Amino acid sequence: MKFGWTRAALVLASVIGSLGTAHADRIKNPTAVFSGLDKITGRIVSFEVAIDETVQFGALQMTPRVCFTKPPTETPNTTSFIEVDEPATDGKTKRVFSGWLFAASPGLHGLEHPVYDIWLVDCKGGTEVIAEPKETPEELPPVQDTARAPAETGRPGDIMAPTGTTTAPRPPAVETAPLRQPARRQAPAAPIINTDR
């Protein structure tokens, strides 16, 4: 019996604890730090890029739009939204990547190109804190009295009780034949392998 009460207390504590969890604010940074791999030469280069500045990495033109981090007291969560263009042979540029990079998982969230790879390493210089919206418990609408006056008509979507006292006639009974089981065939015996040697 003691184990049941202990389990219930732990579940209640975890539920109460999860209701009061604080959501950390994000820090907006003016500089993003990336690493890039040139697959032809095998060279890895680290470089810093200011937000909304376009830099050339090999044949790619990369522009970070935002770079966010969490405060040092929170779990690191460094993200950046980037746009990468590649010049085409006709003089125009072709967008090869537009999306979020996550420093925590560069293998899953990075730019993979036939010749170049780019991944986010860090964000720097941030002091502007962007407040995250706090979760508030959802309030349920007040319960409306479902008993209505007889003269009140229903609204679209309401489930209405039948107005008359007569009930619909029961459907006629349907007779069914008993279910027959098909005859089972005996499976052939499997060959026996002699292991006594």
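Refer to the structure printed above.
Residues numbered from 1 in each chain as written. Predicted model: local features only at pLDDT ≥ 70, side-chain atom pairs only at ≥ 80, totals over all residues. Heavy atoms only, no water.

Caption draft 1: Layout of the side chain of N29. Turning to its location among the elements, N29 is positioned in the loop between β1 (26–28) and β2 (31–38). Side chain to side chain, N29 and T69 meet in a polar contact 3.1 Å long. What N29 contacts, discounting residues up to four positions off in sequence, is I51, C67, F68, T69, C123, K124, G125 and G126. (Helix = DSSP H or I, 4+ residues; strand = E, 2+ residues; numbered from the N terminus. Polar contact = N/O pair within 3.5 Å; in protein donor to acceptor, adjacent residues only side chain to side chain. Contact = heavy atoms within 4.5 Å.)

Caption draft 2: Local environment of the pairing of strand β6 (residues 79–87). In this sheet, β6 lies alongside strand β5 (residues 60–69) in antiparallel orientation, the contact comprising seven bridges. By the bridge assignment, C67 is partnered in β6 with S80. Bridging between β6 and strand β7 (residues 93–102) involves nine bridges; their strand directions are antiparallel. Bridge pairing in β7 links E86 to K94. Linking β6 back to β7 in an antiparallel pair, the connection comprises five residues, with G91 at a positive phi of about 95 degrees. (Pairing = 2+ DSSP bridges.)

Caption draft 3: Focus on unusual backbone geometry. Of note in the backbone geometry, D52 takes a positive phi value of approximately 65 degrees without being a glycine. With respect to the secondary-structure elements, D52 resides in the loop between β3 (43–50) and β4 (55–57). Residue D52 is classed as partly exposed on the basis of its relative accessible area of 48%. (Buried < 20%, exposed > 50% of the residue type's maximum accessible area, 1.4 Å probe, protein only.)

Caption draft 4: Summary view of the packing of aromatic side chains. Overall, the coordinates contain five aromatic pairs when judged by the stated rule. For the pair F47 and F57, a centre-to-centre distance of 5.4 Å together with 20 degrees between the ring planes defines the contact as stacked. Of this pair, F47 sits in strand β3 while F57 sits in strand β4, placing them 10 residues apart in sequence. Using a relative accessible area of 10% as the deciding quantity, one classes F57 as buried. Over the ring of F68 we find R26; its NZ or CZ atom is 4.0 Å from the centre of that ring. (Phe/Tyr/Trp six-rings, centres within 6.5 Å; stacked < 30°, edge-to-face > 60°. Lys NZ or Arg CZ within 6 Å of the ring centre and 35° of its normal.)

Caption draft 5: How the structure looks around the nonpolar core. Membership of the largest hydrophobic core comes to 18 residues, with the highest contact counts inside it found for F34, F47, M62, I82, V84 and I118. If you list the elements that add at least two residues to this core, you get β2, β3, β4, β5, β6, β7 and β9 (116–124). The leading source of residues in this core is β9, at four residues. Sequence-distant contacts of M62, that is, excluding residues within four places in its chain, are made with F34, F47, V49, E53, T54, V55, I82, E83, V84 and I118. (Core = buried A, V, L, I, M, F, W, Y, C linked by side-chain atoms within 4.5 Å.)

Caption draft 6: Structural context of the side chain of E83. Inspection of the secondary structure assignment puts E83 in strand β6. Residue classification places E83 among the buried positions, given a relative accessible area of 16%. At a separation of 2.9 Å, a polar atom in the side chain of E83 contacts the side chain of R65.

Caption draft 7: Just the pattern of salt bridges, in detail. Going through the model one piece at a time under the given rule, you end up with six salt bridges. R95 is the salt-bridge partner of E83, the closest N and O atoms lying 3.7 Å from each other. Highlighted residues: E83 in strand β6 and R95 in strand β7, separated in sequence by 12 residues. A relative accessible area of 45% places R95 in the partly exposed class. Three or more residues are tied together by salt bridges with common partners; here these are D52, R65, E83, D85 and R95. (Salt bridge = Lys/Arg side-chain N within 4 Å of Asp/Glu carboxyl O.)

Caption draft 8: Highlighting the pairing of β5. Of all 10 residues in β5, eight are buried; the element is thus mostly enclosed. The pairing of β1 with β5 spans two bridges and is antiparallel. Paired with K28 across the two strands is F68, which belongs to β5. Looking at chain direction, β4 and β5 are connected through three bridges and run antiparallel. Across the sheet, Q56 pairs through a bridge with Q61, a residue of β5.

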